[in-house]
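The chain contents come next:
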Amino acid sequence: MFNQIGIFMARQKGIITIEGTLGDVNFYIRKGEALARKAGGGFNADAIRNKPSMVRTRENASEFGNCSRVKKMLRLSIWSFFGNVIDASFHGRMMQLMQEIKVLDSESIRGKREVKLGLSTPLGKKLFKEFAFTPARSVVGTLNAICKFNLATYRFEVTSFDIKQVNFPKQATHFKLFFCLVTYDFENYSYSVSAAEPLLFNRKTVLTSFTMTTSPLPDTTEFFVGYIGIAFYQEVGGTLYALKEQGMIGVECVWV
């Protein structure tokens, strides 16, 4: 019914497909294909905790846990202010970013490396700042103006602004611009948000420059990140309706 079982895995052959364990052979389906393998030989919790040969697995698991908790904290902090703007690929892309930043921690031994210390490096900051939170909508690219975060005043400053140069979606009549500073506590995986008053624009807005300032200001002794966000609306009968399609909301890091 099936070919000879090797050390690792064999394919089932025959009219009948078996699933389950028969004797010392496991029969199972993987990606639509009937396979068989010798039972046992897998990892168990005791082996992972104690076997010297599993030390690398223990190290990776410890660091993965830190990356996962930091990723969750970042995700919740963005959701708390900008709403659910995350696309289906966000979780995987963010986890990959956390892993890349964690490796930059040169102060800790393998198994103890942390995202926090990786973020304290110039390259870690660069990777985070350039991360595409919303690939379908770049905020700075949409504004098509000179945008700058002023660290001395904690202001987001926009100059050379022209509403005619803004990349409006076809159905949008208005957009709101958001700015916030988020302070992160990496020990307790918590955060606090300092937000500026959102600004509302329409296609006839006459402005060449503007600033946005948070209140209250963040605790400068803690690690904080500056985010800007944009959300598009359509006016119907004097009421603004938020547009929910992909690319109608954008989030970007302007300081880390």
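These notes cover the structure that comes with them. (Residues numbered from 1 in each chain as written. Predicted model: local features only at pLDDT ≥ 70, side-chain atom pairs only at ≥ 80, totals over all residues. Heavy atoms only, no water.)

1. Comments concerning the overall build of the protein
On a plain count of helices and strands, the protein comes out with six helices and 13 strands. Out of the 256 residues belonging to the protein, those deemed buried represent 39%. About 14,600 Å² of surface is accessible on the protein, with carbon and sulfur atoms providing 53% of the total. (Helix = DSSP H or I, 4+ residues; strand = E, 2+ residues; numbered from the N terminus. Buried < 20%, exposed > 50% of the residue type's maximum accessible area, 1.4 Å probe, protein only. Areas by Shrake-Rupley, 256 points an atom, 1.4 Å probe, with all protein chains shown as cover.)

2. Observations regarding unusual backbone geometry
If a residue is not glycine, its phi is most likely negative; likewise, a peptide bond is most likely trans. The backbone of Asn144 sits at a positive phi, close to 55 degrees, despite the residue not being glycine. For Asn144, the location among the structural elements is in the loop between helix 6 (139-143) and strand 5 (146-150). Although it is not a glycine, Tyr189 adopts a positive phi angle of roughly 55 degrees. Assignment of secondary structure puts Tyr189 in the loop between strand 7 (174-185) and strand 8 (190-195). A residue is classified by how much of its surface remains accessible, and Tyr189, at 27% relative accessible area, is partly exposed.

3. So, the environment of Phe81
Note on placement: Phe81 falls in helix 2 (residues 55-82). Residues in contact with Phe81, not counting those within four places in the same chain, are Phe178, Phe179, Cys180, Val193 and Ala195. (Contact = heavy atoms within 4.5 Å.)

4. Describing the pairing of strand 6 (residues 155-159)
Alternating residues of strand 6 divide into Phe156 and Val158, all buried, and Arg155, Glu157 and Thr159, none buried. As defined by bridge partners, strand 5 adjoins strand 6 across five bridges and the pair is classed as antiparallel. Each bridged residue has a counterpart across the sheet, and for Phe149 the counterpart in strand 6 is Phe156. Where strand 5 folds back onto strand 6 in an antiparallel hairpin, the turn is made up of four residues, including Tyr154, whose phi is positive at roughly 60 degrees. Sheet analysis places strand 6 next to strand 10 (residues 210-213), joined by four bridges and oriented antiparallel. Paired with Arg155 across the bridge in strand 10 is Thr213. (Pairing = 2+ DSSP bridges.)

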